[in-house]
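Now for the letters of each chain:
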Amino acid sequence: MLFLGIDHTPRQLQAVVFSLESNGFVAEAARPAPDEAVPGFVTDPKAWLRAIDACVTECLAHLGSERSRLAGMTVSGHGGGMILLGRDHEVLRPVEGAHWEQRNEAARTLRRRFGGTPGVVELLGQSLPSNSAAVDLFRLTRSERELVDDLALVHGTADFFRGWLTGVSSAELSNAAESGLLDSRACKWSEVMVGEIDPRLPACLPSLSPSRELLAGLRPEVARKWGVPDHLLVAGGGSRVAGQLLGAGACSPGEVLVDLSSSGCLHLVMEEPVVDPMGQLSLRCDTSSQWFLSLREAASGRFAEEVMEQWKWDRGQLEEEAGKVEPGAGGLVFLGGAEGGTLAGIRNGNLSASNLARAASEALALELGRALERMRELGGKPERARILE
């Protein structure tokens, strides 16, 4: 029995085929972000659909006659991104990404409508990042009224892909939780946030469904083009973080996932929804209709990535270099913050590669430790941790 998966990030799209019998991948293909979809400039949804078709076609060519064993497929992706559709479900036009200055200003303005970050956290269960769909919609409703007048449906990226595959418009909860439009505690669109952005917006949002309840058949014309069974089921999928939790087996309350593969993330599966009033942790929905508290990106993790990039190290080399010096990194201390961070303690003779590696590693360990302690303060009961590298 074979399963096809599609995964989308701002920089590439990947398709893989998983064999249940061999418990491994038997085919895979990837395409970089199309020229028409350079992150931060212009996103053309049709270009990504062509990338899906190319990746899947390549995987199926590798399978040959074995493609008849495909039993299902799913789509996952990053929670960002926003596709605007018109009344006939046509893409209105590629959405131009605003400069960060514009997004940050729009985010600050929208947060002020609710009394700042504490008010947003009380409303949504999490803070409002500048790259969220809520912020982009808020900006569009004020700068591009003509486009908004033609708007009929707002889709997240992965939900748009799934709709193209099945013909069914819906929003999967774990992806919706990253939009800035969802009340993560109640698992429903926030009427207050959505209405504040534009009174017409509620009619443009698709219905919400948990991942495991989203099942639809592949559109016949797509099935014929790919030469796969027309009864092939397309499952709900989920956000990248929710997919990581599921793939790592962190599916029960108390399970912790430490993600060191990027900038350093920490997630704890919760039995009940809990909100961090300080906004340090975000409340999200996973693929099994549960919640998880999340430190999405450690500031010290970004610093560690910069250090590795500077010396062309992988994470193993970073750890090896950090082990060459004593704890304390010769006085270097990375102080993380909401807007990045600051490297303190620089003096003559201590700004070495090894000390920088040690400072980055110590800062990341301390930040993840503080996040775990904060989860305990909020009632979380971490029992077992899994590490993703």
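Engineer: Describe the overall build of the protein, with residues and values.
Structural biologist: Counting its secondary structure elements, the protein contains 13 helices and 21 strands. Since a compact globule built from 389 residues should have a radius of gyration of about 21 Å, the 22 Å found for the protein is in line with a globular shape. Taking the principal axes of the C-alpha coordinates as reference, the protein spans close to 65 × 50 × 40 Å. Taking all 389 residues of the protein together, the buried fraction comes to 51%. Contacts spanning at least 24 positions in sequence make up 67% of the contacts within the protein whose residues lie at least 6 apart. Carbon and sulfur atoms make up 52% of the accessible area of the protein, which amounts to about 18100 Å² in all.

Engineer: Give a description of the sheet that holds strand β15 (residues 255-259) that names residues and reports values.
Structural biologist: Adjacent strands of a sheet pair through backbone hydrogen bonds, lying either parallel or antiparallel. The strand order across the open sheet built from five strands is β17-β18-β16-β15-β21, with neighbouring strands paired in mixed fashion. The open sheet has two edge strands, β17 (282-285) and β21 (384-388), and neither has a second partner. The mean angle between the axes of side-by-side strands here comes to 25 degrees, regardless of whether they run parallel or antiparallel. Of the strand pairs in this sheet, β17 and strand β18 (residues 291-295) are connected by four bridges, and their pairing is antiparallel. Looking at β18, one finds that Arg 284 is bridged to Phe 292. Strands β15, β16 (265-270) and β18 of the sheet are contacted by helix α13 (residues 353-377), whose axis makes an angle of about 15 degrees with β16.

Engineer: Just give me the short version of the packing of aromatic side chains, but keep the residues and values in it.
Structural biologist: Per the stated rule, a full pass over the model turns up five aromatic pairs. Pairing Phe 18 with Phe 25 gives two aromatic rings, centres 5.9 Å apart and planes at 75 degrees, and the pair type is edge-to-face. According to the relative accessible area criterion, Phe 18 is partly exposed, its value standing at 25%. Of the residues examined, Phe 25 reaches a relative accessible area of 56% and is grouped as exposed. Seen in terms of ring centroids, Trp 164 and Trp 226 are 6.4 Å apart; in terms of plane orientation they differ by 65 degrees. Their pairing is edge-to-face. You can see Trp 164 sitting in helix α6 (residues 157-166) and its partner Trp 226 sitting in helix α9 (residues 220-226), a full 62 residues away along the chain. Judged by its relative accessible area of 25%, Trp 164 is partly exposed.

Engineer: Please give an account of the pairing of strand β3 (residues 24-32) that cites residues and values.
Structural biologist: Here strand β2 (residues 12-19) runs beside β3; their pairing, made up of eight bridges, is antiparallel. Paired with Gln 14 across the strands is Ala 30, a residue of β3.

Engineer: Mind laying out the environment of Leu 293, listing which residues take part and the relevant values?
Structural biologist: Relative to the helices and strands, Leu 293 is located in strand β18. In this structure, the C-alpha to C-alpha distance between Leu 293 and Gln 102, residues 191 residues apart in sequence, is 29 Å. Once residues lying within four places of it in the same chain are set aside, the contact partners of Leu 293 are Leu 266, His 267, Leu 268, Met 270, Val 274, Leu 281, Ser 282, Leu 283, Met 375 and Leu 378.

Engineer: Any details on the pattern of salt bridges? Residues and values, ideally.
Structural biologist: Close approach of charged atoms lets side chains of opposite charge pair. Summed over the entire model, instances satisfying the criterion amount to 26 salt bridges. Its salt-bridge partner being Glu 105, residue Arg 108 comes within 3.0 Å of it at the nearest N-O pair. Placement of the pair is Arg 108 and Glu 105 together in helix α2 (residues 100-112), with a separation of three residues, close to one helical turn. One salt bridge connects Arg 296 with Glu 178, and the closest N-O pair in it is separated by 3.4 Å. In this pair, Arg 296 is assigned in the loop between β18 and α11 (299-311) and Glu 178 in the loop between α7 (173-176) and β10 (182-183), connecting sequence segments 118 residues apart. Since its relative accessible area comes to 14%, Glu 178 is described here as buried. A single network of salt bridges, built from pairs that share partners, joins Arg 145, Asp 149, Asp 198 and Arg 200.

Engineer: So what's going on with the nonpolar core? Residues and values would help.
Structural biologist: Membership of the largest hydrophobic core comes to 54 residues, with the highest contact counts inside it found for Val 154, Leu 181, Met 193 and Ile 197. If you tally residues by element for this core, the top one is helix α4 (residues 133-143), at six residues. The next biggest cluster of nonpolar side chains, apart from the first, holds 35 residues, and it includes Leu 49, Cys 55, Leu 70 and Ala 158.

Engineer: Which residues make up the packing of α2 against α4, and what are the values?
Structural biologist: Between α2 and α4, the shortest axis-to-axis distance is 9 Å and the interhelical angle comes to 95 degrees. Overall, the two elements α2 and α4 adopt an arrangement that is roughly perpendicular. For the pair formed by α2 and α4, the contact residues are Gln 102, Arg 103, Ala 106, Ala 107, Thr 109 and Leu 110 on the first element and Ala 134, Val 135, Asp 136, Phe 138 and Arg 139 on the second. Considered class by class, the residues forming the contact of α2 with α4 number six nonpolar, two polar and three charged.

Engineer: I'd like a rundown of helix α10 (residues 240-247), residues and numbers included.
Structural biologist: Listing the buried residues of α10 in full gives Val 241, Ala 242 and Leu 245. End-on view of α10: buried residues confined to an arc of 100 degrees, all on one side of the axis. Buried residues along α10 sit against α7, β14 (233-239), β15, β16, β17 and β18. Immediately beyond the C-terminal end of α10, within one or two residues, lies Gly 249, with a positive phi of roughly 80 degrees.

Engineer: Kindly report on the pairing of β2, identifying the contributing residues and their values.
Structural biologist: Relative to β2, strand β1 (residues 2-8) is paired through seven bridges, and the arrangement is antiparallel. In the strand pairing of β2, Asp 7 is matched with Gln 14. Linking two consecutive strands that pair antiparallel, namely β1 and β2, is a turn of three residues. Connecting β2 to the next strand, β3, in antiparallel fashion are four residues, including Asn 23 with a positive phi near 55 degrees.

Conventions and cut-offs
- Residues numbered from 1 in each chain as written.
- Predicted model: local features only at pLDDT ≥ 70, side-chain atom pairs only at ≥ 80, totals over all residues.
- Heavy atoms only, no water.
- Helix = DSSP H or I, 4+ residues; strand = E, 2+ residues; numbered from the N terminus.
- Rg over C-alpha atoms; globule rule 2.2 N^0.38 Å.
- Buried < 20%, exposed > 50% of the residue type's maximum accessible area, 1.4 Å probe, protein only.
- Contact = heavy atoms within 4.5 Å.
- Areas by Shrake-Rupley, 256 points an atom, 1.4 Å probe, with all protein chains shown as cover.
- Pairing = 2+ DSSP bridges.
- Axes fitted to C-alpha atoms, helices over the stretch in contact; angles between N-to-C directions.
- Phe/Tyr/Trp six-rings, centres within 6.5 Å; stacked < 30°, edge-to-face > 60°.
- Salt bridge = Lys/Arg side-chain N within 4 Å of Asp/Glu carboxyl O.
- Core = buried A, V, L, I, M, F, W, Y, C linked by side-chain atoms within 4.5 Å.
- Parallel < 35°, antiparallel > 145°, perpendicular 65-115°, else oblique.
- Nonpolar A, V, L, I, M, F, W, Y, C, P; charged D, E, K, R; others polar.
- Arc of directions from axis to C-beta.

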